[in-house]
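Results of the structural survey
Residue-level listing of the chains:
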Amino acid sequence: MNKILIANRGEIAVRIIRACKEMNIKTVAVYSEADKDALHTRLADEAVCIGPASPQKSYLNIKNIIEAACITNADTIHPGFGFLSENPAFARICEESKIKFIGPNSKVIELLGNKASSKEVMRDAGVPVIPGSDGSVKGLKDALSIAEKIGYPVMLKASAGGGGKGIRIANGPKELETNYNIVKQEAKISFNDDEIYLEKFIKNPRHVEIQILADEHGNVIHLGERDCTIQRNHQKMIEETPSTAIDDKLRNKMGNAAVKAAKATGYSSCGTVEFLVDSDKNFYFMEMNTRIQVEHPITEMRTGIDIVKAQIRIAGGDELKLKQKDIEFRGHSIECRINAENPSKNFMPSPGLINEINLPGGNGIRVDTAIYNGYVIPPNYDSMIAKIIVHGVNRNEAIAKMKRALEELVIDGVDTNRDFLFNIIKDPDFIRGNFDTSFIETNFKTL
């Protein structure tokens, strides 16, 4: 690889550019008119404007991104996360244009991007799946019949869904009838695909995912689990590894299941297999994300493996040098997502000028961000502006480091969720590891 175009923005674009510099690979940043002063445009070797502020006209504009790659002679594209990272059409156009796409091939992305069809593949491969419809439901009558069979409550989900969109819970037939059309409409608007599927709602689960690496030669390993249970509206806020919810026996079973899932689809690149774990320690496949994850740094901190560099090497045809027995897990790592938003105003986004910033530092603390003094956070994109990642010899030390890091963090000029995250970290139930996916909803007033 001679030159990689990063089809993204913000901290993940900066993260990828830094990895490329260390690998002596040239980089091209793309940016919208709203991001002309963004950090990633300054760090890359070249930068190309691809359109107006609107994501549809810039970061989701496949034609403009491909043209930017062509005029800069970029032979590879890294999609980061979000935007076009899991878009099979984009991966397919890259393939047709003889531009290497850093990720699995378009057929695998398409297969795993459809939550209904991916569940069928996992079921056939022997990976535990949540009881529900076999593929997309064929209509309201079919949905009612399946719900009656598996029992309420059930979840209606967009087959092409992601990011917490297109999901509704039904506690009985009337709610199912009401939510059926709502979810179909949400799915059509968000994903241009109104297919939906149905599955049993797992009460009070933990959300635990397994990071995998797979090369183009059939080798697959996993890098352990991440607990992503602390979330709001299906959007993760705090992640940690290892999980307090599982023991070594279950950890091994879930790791083996994730490897089996990757092999069943002919997967290559980094990827994440997401599971729900119920109160009886049963685990169920939820989905597989075919990209780098926001929370990948905690796995890097605990294993010492640079996942972005591994992604790039795999895309270049390299064979994985690491075997499963070579992976060493050390200590405990936690990540907090810093968002420009106001939790007391229903998490209302808070774009604007950053007047002053102080980022935490010290032993075992990492900050991934693209903001700086004088930076103007645009209102057009996701509100996440930074990630604080800590690593300690054990969970108690990691929590102590995160408390200190959040106390040191200063971002003046915009509202952030810093204090909200601090209140979670010091909550007695969080410290005891006594929480599930309803934690924020249940404790919102206290937090």
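Structure first, text after, so check above.
The structure contained in this document is the topic of the report that follows. These figures come from a predicted structure and were not determined experimentally. (Residues numbered from 1 in each chain as written. Predicted model: local features only at pLDDT ≥ 70, side-chain atom pairs only at ≥ 80, totals over all residues. Heavy atoms only, no water.)

Moving on, we get to the overall build of the protein chain. The number of helices and strands found in the protein chain is 15 helices and 22 strands. Rg of the C-alpha trace for the protein chain: 21 Å, near the compact-globule value of 22 Å for 447 residues, within the 12% margin. By its C-alpha atoms, the protein chain is 60 × 50 × 45 Å across when sized along the principal axes. Buried positions account for 57% of the 447 residues belonging to the protein chain. The long-range share in the protein chain, meaning contacts at least 24 apart out of those at least 6 apart in sequence, stands at 65%. (Helix = DSSP H or I, 4+ residues; strand = E, 2+ residues; numbered from the N terminus. Rg over C-alpha atoms; globule rule 2.2 N^0.38 Å. Buried < 20%, exposed > 50% of the residue type's maximum accessible area, 1.4 Å probe, protein only. Contact = heavy atoms within 4.5 Å.)

On the basis of which strands lie adjacent, the open sheet formed by five strands has the order β3-β2-β1-β4-β5 and parallel pairing. Bordering the open sheet on either side are β3 (46-51) and β5 (100-101), each of which pairs with just one other strand. Across two bridges, the pairing between strand β4 (residues 76-78) and β5 is parallel. Across the sheet, the residue bridging to threonine 76 is lysine 100, located in β5. (Pairing = 2+ DSSP bridges.)

Here the focus is the packing of aromatic side chains. Enumeration according to the criterion identifies 10 aromatic pairs in this entry. Ring centres of phenylalanine 347 and phenylalanine 444 lie 6.0 Å apart, and the angle between their planes is 50 degrees; this geometry places the pair in the tilted category. A residue pair is termed long-range when its members are at least 10 positions apart, and phenylalanine 347 in the loop between β15 (341-342) and β16 (348-349) and phenylalanine 444 in the segment after α15 (439-443) qualify at 97 residues. An aromatic cluster is defined as three or more aromatic residues linked by ring pairs; in this entry it consists of Tyr59, Phe83 and Tyr381. For the cation-ring pair, arginine 206 lies above phenylalanine 435, with the distance from its terminal atom to the ring centre recorded as 4.0 Å. One residue, arginine 395, lies across the ring of phenylalanine 430, its end atom 4.8 Å from the ring centre. (Phe/Tyr/Trp six-rings, centres within 6.5 Å; stacked < 30°, edge-to-face > 60°. Lys NZ or Arg CZ within 6 Å of the ring centre and 35° of its normal.)

Burial in helix α7 (residues 140-150) covers these residues: Ala143, Ile146 and Ala147. One side of α7 holds all its buried residues, which, seen down the axis, span an arc of 100 degrees. Exposed side chains of α7 directed beyond 90 degrees from the buried face belong to Lys141, Glu148 and Lys149. Buried residues in α7 make contact with β6 (154-158), α8 (173-191) and β8 (196-200). Phi turns positive one or two residues past the end of α7, at glycine 151, with a value near 90 degrees. (Arc of directions from axis to C-beta.)

Close contact between helix α12 (residues 395-408) and helix α13 (residues 418-425) brings their axes to 10 Å; oriented N to C, the two are set at 160 degrees. As the angle between them shows, α12 and α13 are arranged roughly antiparallel. The two elements α12 and α13 meet at a crossing, and its hand is left-handed. Residues Ile399, Met402, Lys403, Leu406 and Glu407 of α12 lie in contact with α13, whose contacting residues are Arg418, Leu421, Phe422 and Ile425. Among the residues making up the contact of α12 with α13, the classes are represented as six nonpolar, no polar and three charged. (Axes fitted to C-alpha atoms, helices over the stretch in contact; angles between N-to-C directions. Parallel < 35°, antiparallel > 145°, perpendicular 65-115°, else oblique. Left-handed = near helix turned anticlockwise from the far one by under 90°. Nonpolar A, V, L, I, M, F, W, Y, C, P; charged D, E, K, R; others polar.)

If you trace the backbone, isoleucine 314 turns up in helix α11 (residues 307-315). Judged by relative accessible area, which is 3%, isoleucine 314 ranks as buried. Distance in space between the C-alpha atoms of isoleucine 314 and asparagine 339 is 32 Å, their sequence separation being 25 residues.

Below, the discussion takes up the environment of asparagine 363. Locating asparagine 363 in the fold gives a position in the loop between β18 (356-358) and β19 (365-369). Beyond its immediate sequence surroundings of up to four residues, asparagine 363 is in contact with Lys401 and Arg404.

Pairing in this open sheet of three strands is antiparallel, and the strands run β7-β6-β8 from one edge to the other. Edge strands, defined here as strands with exactly one partner in the open sheet, are β7 (167-170) and β8. Shown here is a sheet whose adjacent strand axes are inclined to one another by a mean of 25 degrees, direction ignored. Here five bridges tie β6 to β8, and the two strands are oriented antiparallel to one another. Counterpart to lysine 157 in the pairing with β8 is tyrosine 197. Strand contacts of α7: β6 and β8, with the helix running at about 15 degrees to β8, the strand carrying the most contacts.

A separate point is the pairing of strand β13 (residues 283-289). Where burial is concerned, most of β13 is hidden: seven out of the seven residues are buried. Where strand β12 (residues 269-277) meets β13, six bridges bridge the pair, whose relative direction is antiparallel. The partner of valine 273 across the bridge, within β13, is methionine 288.

Taken across its nine residues, strand β9 (residues 206-214) has nine buried, putting it largely inside the fold. Residues of β9 alternate between two faces, with Arg206, Val208, Ile210, Ile212 and Ala214 on one and His207, Glu209, Gln211 and Leu213 on the opposite face, all of them buried. Bridging between β9 and β12 involves nine bridges; their strand directions are antiparallel. Across the sheet, the residue bridging to leucine 213 is cysteine 270, located in β12.

Disulfide: a covalent bond connecting the sulfur atoms of a pair of cysteines. A complete count under the given rule lists zero disulfides for this structure. No disulfide involves cysteine 20; its sulfur sits 14 Å from that of cysteine 270, the nearest cysteine. Here cysteine 70 stays unpaired: no disulfide links it, and the sulfur of cysteine 94, its closest cysteine neighbor, is 9.7 Å away. By relative accessible area, cysteine 70 is classed as partly exposed at 47%. (Disulfide = S-S within 2.5 Å.)

What follows is about the layout of surface pockets. For the second largest pocket, the calculated volume is near 230 Å³. Element by element, the count of residues in the lining of the second largest pocket is highest for α11, at three residues. Tallied by class, the residues present in the lining of the second largest pocket amount to six nonpolar, one polar and five charged. (1 Å grid on protein atoms, 1.4 Å probe; cavity = no way out; pocket = protein on both sides within 12 Å on 5 of 7 lines; lining within 4 Å. Points joined across faces, edges and corners; volume = space filled by probe spheres on them.)

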